[in-house]
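Per-entry structural report
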Protein chains: 2
Amino acid sequence: MNTNSGKVTLLSAGPGELDLLTVRAAKALAAADVVLLDDLANPEIVTLAPQARVIRVGKRGGCRSTPQAFIERLMRRYAQKGLHVVRVKGGEALLFGRAGEELATLRDAGIPVEIVNGISSGFAAAAGLGISLTHRRHCHGVTFVTAHTEDHGEPDWAALAATRTTLAIYMGMRRIGSLASALLASLPAETPAAVVQWAGGANERRLLTRLDRLAADATDAGFGSPAVILIGNAIGESMETDWAQHASSHGDAAHACAA
Amino acid sequence: MNTNSGKVTLLSAGPGELDLLTVRAAKALAAADVVLLDDLANPEIVTLAPQARVIRVGKRGGCRSTPQAFIERLMRRYAQKGLHVVRVKGGEALLFGRAGEELATLRDAGIPVEIVNGISSGFAAAAGLGISLTHRRHCHGVTFVTAHTEDHGEPDWAALAATRTTLAIYMGMRRIGSLASALLASLPAETPAAVVQWAGGANERRLLTRLDRLAADATDAGFGSPAVILIGNAIGESMETDWAQHASSHGDAAHACAA
């Protein structure tokens, strides 16, 4: 453990709207000397860190605008100067992204780390749809999986379908056709499916459809990244939705709507 | 849609510490007329709702102190009187619990609902262990599943193991022996496993071990509900942990520690 007072806070920025940050996250930002900002986080988050030097280190799925090694080097360098570095990651820091590598780097350097949890976009998507991810009538759990093969390899879609859990698929828009086809080998064509783009953000868009029409409907409606794809019978509960906060579809016809 | 101004906020209380609430949740509590309090939520949360009438409607896994139907009736009754009802649920409201039934009831009654997401204990447990739930070296996702059979039926442990995702098992302490045995039929004995009791709370306790010793070690160390059981190679990253915020074990020997 190094002796200076430097440390890193691995901070979950949540899905978009700043009031979805935890109170703890807001306090950490207010105390930050340096903010390393992920480009999936709401850029307005820097207004909560008025005294901090802000460095944008975005890294969109596929196109690497900032190499991971460089981000880790920055965290080490500033923390070893005795500064409080807040590494802001979109959504929940411990779900996808590279928190594992960043934690290992900081541990190896003996730099204290605090982790501040946040709201992952899959939960914000479910809130937008007005559904539980695990309605007990339909399933006994939910699986969060990434289709970003560079990072995690292609998931075993048949094995995932066999769990009968709700599937929350991250970074899947660029292979929505192939993953839907793979799942259709194991799941009924009419399995409810949804796409929520910018979940939890001011510009949230939702699409409700069924597995066999998922890719075509998402393409027709112009849905793109960042978005969460939700598949499973629990998603069907949203089909009944008809209330103020959560516009939604009726019957099983596809229907896109802004938040 | 009814015409009075009553509404229900389905509010996620998070895993324990009040500063893990979102800013949006704190605002909703401050504006509440009635608070229906889950017994898995930190009771101190009522200090954030000074003007609200507080009704405790706890319902621990297994022993039903308050019937679900009665809770739903209370929500409807107060909202239909024009009041702002905040239904406080421990952790993330859309993960397990009965949010699905409560949302359906409120929709049927035409009562507007706002859902406020929160931190589920599985994420707080990972923060306590200092790990990503989805380290890309080990897996491409995480599955949240309940072992509370009354609610969701016994999960298909073989199918879950086959996904090679990290498993975050809720409400599993009373059948930790049988679920560990079931998973040992599909996963190596040395698969890293952890138990985190009161994750994210002031009295958080963590146990790090391996799948074949999970049940015995948890029993010996006196771990009980509420706790999250984490199983998978990504959990093994915590074995290396040796830093200020997150005491942990070394090697693969079991080791329990308070937060």
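Residues numbered from 1 in each chain as written. Chains lettered and ligands numbered in written order. Predicted model: local features only at pLDDT ≥ 70, side-chain atom pairs only at ≥ 80, totals over all residues. Heavy atoms only, no water.

Under an unreviewed UniProt entry, the name given to chain A is uroporphyrinogen-III C-methyltransferase, and the organism recorded is Paraburkholderia caledonica. Quoted verbatim from the Pathway (unreviewed entry) heading of the UniProt record, the comment on chain A is "Porphyrin-containing compound metabolism; siroheme biosynthesis; precorrin-2 from uroporphyrinogen III: step 1/1." Check the Sequence similarities (unreviewed entry) section of the UniProt entry for chain A; it says "Belongs to the precorrin methyltransferase family." (UniProt positions renumbered as here; feature names shortened; annotations may be inferred.)

Structural notes on the sheet that holds strand S5 (residues 113–116) of chain A
Residue and element names in this part refer to chain A. Strands sit in the order S3-S2-S4-S1-S5 across an open sheet of five strands; the sheet is parallel. Every other strand in the sheet has two partners, leaving strand S3 (53–56) and S5 as the edge strands with one partner each. On average, each strand axis in the sheet is inclined to that of its neighbour by 20°, with strand direction left out of account. As judged from the four bridges shared by strand S2 (residues 34–37) and S3, these two strands associate in the parallel manner. Residue pairing in the sheet places Val35 in a bridge with Val54 of S3. Its contacts with the sheet place helix H1 (residues 23–30) against strand S1 (7–12), S2, strand S4 (84–89) and S5, and it is angled at close to 140° to S1. Running over the sheet, helix H2 (residues 68–80) touches S1, S2, S3 and S4 and is turned about 155° from S4. (Pairing = 2+ DSSP bridges. Helix = DSSP H or I, 4+ residues; strand = E, 2+ residues; numbered from the N terminus. Axes fitted to C-alpha atoms, helices over the stretch in contact; angles between N-to-C directions. Contact = heavy atoms within 4.5 Å.)

Notes on the packing of H2(A) against helix H3 (residues 99–108) of chain A
Residues and elements named next belong to chain A. Packing of H2 against H3 leaves a shortest axis separation of 10 Å and a crossing angle of 40°. As far as their axial angle goes, H3 and H2 are oblique. In this structure, H2 meets H3 at a crossing whose hand is right-handed. Mapping the contact onto sequence places Gln68, Ile71, Glu72, Met75 and Arg76 in H2 and Glu101, Glu102, Thr105 and Leu106 in H3. (Parallel < 35°, antiparallel > 145°, perpendicular 65-115°, else oblique. Left-handed = near helix turned anticlockwise from the far one by under 90°.)

With respect to the interface of chain B and chain A
In this assembly, 64 residues from chain B lie in contact with 64 residues from chain A. For the pair chain B and chain A, the two sides together bury roughly 5,400 Å², of which 59% comes from carbon and sulfur. Its largest share of buried area at the contact with chain A, chain B owes to Arg107(B), Arg136(B) and His140(B), together 15% of the area lost on that side. Our count for the contact surface shared by chain B and chain A stands at four salt bridges. With its nearest N and O atoms 2.4 Å apart, the salt bridge here joins Arg136(B) to Glu101(A). On the surface where chain B and chain A come into contact, there are 25 residue pairs in polar contact (both at pLDDT 80 or more). For the side of chain B that touches chain A, the secondary-structure elements that each account for two or more residues are helix H1 (23–30), helix H3 (99–108), strand S5 (113–116), helix H4 (121–129), strand S6 (141–146), helix H5 (149–152) and helix H6 (157–162) of chain B. Among the elements that take part in the side of chain B that touches chain A, S6(B) stands out by supplying six residues, more than any other. Class assignment of the residues belonging to the side of chain B that touches chain A gives a composition of 29 nonpolar, 19 polar and 16 charged. Examined bridge by bridge, strand S6 (residues 141–146) of chain A and S6(B) share five bridges and lie antiparallel to one another. Within the sheet, the bridge partner assigned to Phe144(A) lies in S6(B) and is Val142(B). (Buried area = accessible area lost by both parts, 1.4 Å probe. Salt bridge = Lys/Arg side-chain N within 4 Å of Asp/Glu carboxyl O. Polar contact = N/O pair within 3.5 Å; in protein donor to acceptor, adjacent residues only side chain to side chain. Nonpolar A, V, L, I, M, F, W, Y, C, P; charged D, E, K, R; others polar.)

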